[in-house]
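In case you want the letters, here they are:
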Amino acid sequence: MDLLLTTDEDLQVDPNVKLWDLKVDVNGNIAICEAPYSIAQQAANEIKLFEGEGWYDRSQGTPHFAQILGINSNLGLIRNILLARVNGVDNVMRSDIDMYIDSSRVLHGNIFITSNSGETINVVY
């Protein structure tokens, strides 16, 4: 079986599994997702992926080690880095982010994406 995905499709991962394992469909095949879910999944992946760890493209991912972790970064810098990663995803026209750090120093928030088709997508992290 050949697998050819369009820019509106992606291999679907199961968000309920901590390791984001591939999901299977009812026939036991690797599940495919389409926009808007695929856009949200790709945006979340860009944020979760550490820069340089992409298997086929080492430029993908967020520079967590270089610019965020272990450095006294401010929320404005982190916000700009995350927005740049999300805005680089296919079919993303623009995005905005609402984030906060809880008492345990964990970053949480919502990313609001507007796709090229004008659809609004919310990614919670």
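Quantities reported herein were computed from a predicted structural model and do not represent experimental measurements.

The rules behind each value
Residues numbered from 1 in each chain as written. Predicted model: local features only at pLDDT ≥ 70, side-chain atom pairs only at ≥ 80, totals over all residues. Heavy atoms only, no water. Helix = DSSP H or I, 4+ residues; strand = E, 2+ residues; numbered from the N terminus. Rg over C-alpha atoms; globule rule 2.2 N^0.38 Å. Buried < 20%, exposed > 50% of the residue type's maximum accessible area, 1.4 Å probe, protein only. Expected span 1.5 Å × (residues − 1). Salt bridge = Lys/Arg side-chain N within 4 Å of Asp/Glu carboxyl O. Pairing = 2+ DSSP bridges. Contact = heavy atoms within 4.5 Å.

So, the overall build of the protein
Here is step 1 of the chain: Along the protein, the regular secondary structure elements total three helices and five strands.
Here is step 2 of the chain: The order of α-helices and β-strands along the protein, N terminus first, is β-β-α-α-α-β-β-β.
Here is step 3 of the chain: Relative to the 2.2 N^0.38 estimate, which gives 14 Å for 125 residues, the radius of gyration of the protein is 15 Å and therefore close to what a compact globule would have.
Here is step 4 of the chain: Out of the 125 residues belonging to the protein, those deemed buried represent 34%.

Looking at helix α3 (residues 75-87)
Here is step 1 of the chain: The terminal C-alpha atoms of α3, which comprises 13 residues, lie 18 Å apart, in line with the 18 Å expected from a rise of 1.5 Å per residue.
Here is step 2 of the chain: Of the positions making up α3, those classed as buried are Ile78, Ile81, Leu82, Leu83 and Val86.

Some words on the pattern of salt bridges
Here is step 1 of the chain: Under the counting rule described, the total for this entry stands at two salt bridges.
Here is step 2 of the chain: Across the salt bridge formed by Arg85 and Glu46, the nearest N and O atoms sit 2.7 Å from each other. Of the two residues, Arg85 is situated in helix α3 and Glu46 in helix α1 (residues 37-48); the sequence distance between them amounts to 39 residues.
Here is step 3 of the chain: Asp96 is paired through a salt bridge with Arg79; the nearest N and O atoms lie 2.4 Å apart. Residue Asp96 is located in strand β3 (residues 92-101), and its partner Arg79 is located in helix α3; the two are separated by 17 residues in the primary sequence.
Here is step 4 of the chain: With a relative accessible area of 37%, Asp96 lands in the partly exposed category.

Quick look at the pairing of β3
Here is step 1 of the chain: Here β3 pairs with strand β4 (residues 107-115) via nine bridges, running antiparallel. Its bridge partner lying in β4, Ile97 is registered against Ile111.
Here is step 2 of the chain: Count of turn residues in the β3/β4 antiparallel hairpin: five residues, of which Arg105 carries a positive phi of about 65 degrees.

Quick notes on the side chain of Gln41
Here is step 1 of the chain: By the secondary structure assignment, Gln41 is in helix α1.
Here is step 2 of the chain: Look at Gln41 and you get buried, because its relative accessible area is 7%.
Here is step 3 of the chain: In this structure, Gln41 is in contact with Asp10, Leu11, Gln12, Val13, Trp20 and Cys33, ignoring residues within four places of it in sequence.

Thoughts on α1
Here is step 1 of the chain: Here α1 contains twelve residues, and its C-alpha end-to-end distance of 16 Å stays within 8% of the 16 Å for a straight helix at 1.5 Å per residue.
Here is step 2 of the chain: By the criterion of burial, α1 is predominantly enclosed, with nine of the twelve residues buried.
Here is step 3 of the chain: Regarding α1, the residues found buried are Ser38, Ile39, Ala40, Gln41, Gln42, Ala43, Ala44, Glu46 and Ile47.

Quick notes on the pairing of β4
Here is step 1 of the chain: Two elements, β4 and strand β5 (residues 120-124), share five bridges in a ladder whose sense is antiparallel. The partner of Thr114 across the bridge, within β5, is Thr120.
Here is step 2 of the chain: Hairpin connection between β4 and β5: a loop of four residues separates the two successive antiparallel strands, and Gly118 in this loop has a positive phi of roughly 90 degrees.

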